[in-house]
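One letter stands for each residue in the lines below.
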Amino acid sequence: MSIKLKGSTSGSVSLDVPAAVSGGDVSLTLPNGVGSSGQYLRNTGTAGTLEFGDLPATSITTADMPAGSIIQVKQLYLQTTGSTAISANTVTDVSGMSLAITPTSANNDILITMRWTGEHSTTSYNSMFGMKRDSTVIGGPTSPGVRAAGHSPYLISYQLNSASTLDQAELSFMDSPNTTSSVTYKLTWRNDTAGTLYNNRTKEDVDNPNYERGTSTIILMEVAR
């Protein structure tokens, strides 16, 4: 049986109960007053005696997020030019290409993407770009021996030109740092010939339409595991 409350001009609202009420007769005592905006009705310490309450002032934590959720994103967008001195057959950190992130949980992973644009001062047949987490090389191939190991070769864009045509490399890797301390991810390069690696510019870097300049990026995303 329902109770129908009619609007003063039109329509109505019906209050109803289940056909069978568990436990027999039930009594609900409404609070005195209308409460405040945003409040809701809840039981007091005495079940059946209702009061107005506020929603809890809590926020979703990273522990509440399902696996695969993106927790945070960091980006390095390098627009300026720079250079790095390279020794032959030596893994070297590329100047300007590093970015730090502090994981919120030691259980989470870090998705790393790196895009480099630039040119080396000599031809670069036997070269590889790679990554480091702080001072540790990460994500390389197993059992490389004395080979030039890394993630990606140096992509030469036009006829081995090493003076006026930009080259590039793109890398990606999912790392598990297992820490909540700050870690720094770095782009590295190894080449069989010593020289200078230039970021975002050609070797000669002449200001005319036959020479290029570009940009490079590192993006770090903490991923819930």
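These numbers come from a predicted model, not from an experiment.

A. Spatial organisation of the overall build of the protein chain. Broken down by element type, the protein chain carries 0 helices and 15 strands. In terms of C-alpha radius of gyration, the protein chain reaches 31 Å, well past the compact-globule figure of 17 Å for 225 residues. Along the first, second and third principal axes, the C-alpha set of the protein chain runs to 90 × 45 × 30 Å. Across the 225 residues that make up the protein chain, the buried fraction comes to 31%. Taking contacts inside the protein chain between residues at least 6 apart in sequence as the whole, the part at least 24 apart equals 73%. Counting only carbon and sulfur atoms, one obtains 51% of the accessible surface of the protein chain, whose full area is about 13,500 Å².

B. Spatial organisation of the nonpolar core. Core analysis: the largest hydrophobic core is formed by 24 residues, its most contacted members being Phe-129 and Tyr-185. Listed by contribution, the elements that provide at least two residues to this core are β5 (70-78), β7 (92-101), β8 (109-120), β9 (127-133), β12 (167-175), β13 (183-191) and β15 (216-223).

C. Region of the structure containing the side chain of Asp-175. Note on placement: Asp-175 falls in strand β12. In this view, Asp-175 contacts Asp-109, Ile-110, Ile-112, Arg-133, Ile-138 and Tyr-185; residues no more than four positions away in its chain are not counted.

D. Fine view of the pairing of strand β4 (residues 50-53). In the sheet, strand β3 (residues 40-43) pairs with β4 via 4 bridges, with the strands oriented antiparallel. Bridge pairing in β4 links Arg-42 to Glu-51.

E. The arrangement of the pattern of salt bridges in detail. Counting across every chain of the model gives 6 salt bridges. Residue Asp-175 pairs with Arg-133 through a salt bridge whose shortest N-O separation is 2.7 Å. Note that Asp-175 is positioned in strand β12 and Arg-133 in strand β9, a separation of 42 residues in sequence. The shortest N-O distance in the salt bridge between Arg-213 and Asp-205 comes to 2.7 Å. Salt bridges here are not isolated pairs; linked through shared partners, they connect Asp-93, Lys-132 and Lys-186.

F. Region of the structure containing the packing of aromatic side chains. Within the structure shown, the criterion is met by 2 aromatic pairs. Ring geometry for Trp-116 and Phe-129: centres 4.9 Å apart, planes at 40°, overall tilted. Taken together, the residues span a long stretch of sequence, with Trp-116 in strand β8 and Phe-129 in strand β9 at a distance of 13 residues. A residue is classified by how much of its surface remains accessible, and Phe-129, at 0% relative accessible area, is buried. Here Phe-129 and Trp-189 contribute two aromatic rings whose centre-to-centre distance is 5.7 Å and whose plane-to-plane angle is 35°, an arrangement assigned as tilted. Within this pair, whereas Phe-129 is found in strand β9, its partner Trp-189 is found in strand β13, the two being separated by 60 residues in sequence.

G. Unusual backbone geometry, seen in detail. If you check the backbone angles, Asn-89 has positive phi at about 55° while not being a glycine. Along the polypeptide, Asn-89 turns up in the loop between β6 (82-86) and β7. Taking relative accessible area as the criterion, Asn-89 reaches 45% and is therefore assigned partly exposed. Phi is positive for Asp-205, which is not a glycine, with a value near 55°. Secondary-structure assignment places Asp-205 in the loop between β14 (195-199) and β15.

What counts and how
- Within any chain, residue numbers begin from 1 and follow the written order of that chain's sequence.
- Selection of residues for local features in this predicted model requires a pLDDT of at least 70, selection of side-chain atom pairs for listing and counting requires 80 or more, and totals for whole chains, interfaces and linings are taken over all residues.
- Processing note: side-chain calculations cover all non-hydrogen atoms of the structure and skip hydrogens and water entirely.
- A run of H or I in DSSP becomes a helix once it reaches four residues, and a run of E becomes a strand once it reaches two; helices and strands are each numbered from the N terminus.
- Throughout, the radius of gyration refers to the C-alpha atoms, and the reference size of a globule is 2.2 Å times the residue count to the power 0.38.
- Type-normalised accessible area, obtained with a 1.4 Å probe on protein chains alone, sets the label of each residue: buried when under 20%, exposed when over 50%, and partly exposed for intermediate values.
- Note on definitions: a residue-residue contact is assigned when non-hydrogen atoms from the two residues lie within 4.5 Å.
- Here the accessible surface of atoms and residues is derived via Shrake-Rupley with a 1.4 Å probe, and residues count as covered only by protein chains that are part of the display.
- What is meant by a nonpolar core is a set of buried Ala, Val, Leu, Ile, Met, Phe, Trp, Tyr and Cys residues, joined one to another through side-chain atoms within 4.5 Å.
- Strands are treated as partners if at least two bridges between them are detected by DSSP.
- Every case where a carboxyl oxygen of Asp or Glu lies within 4 Å of a side-chain nitrogen of Lys or Arg is listed as a salt bridge.
- Any Phe, Tyr or Trp ring, taking Trp's six-membered ring, that has another such ring centre within 6.5 Å forms a pair; planes under 30 degrees apart are called stacked, those over 60 apart edge-to-face, and the others tilted.

Function-wise, these values are silent; they only describe arrangement.
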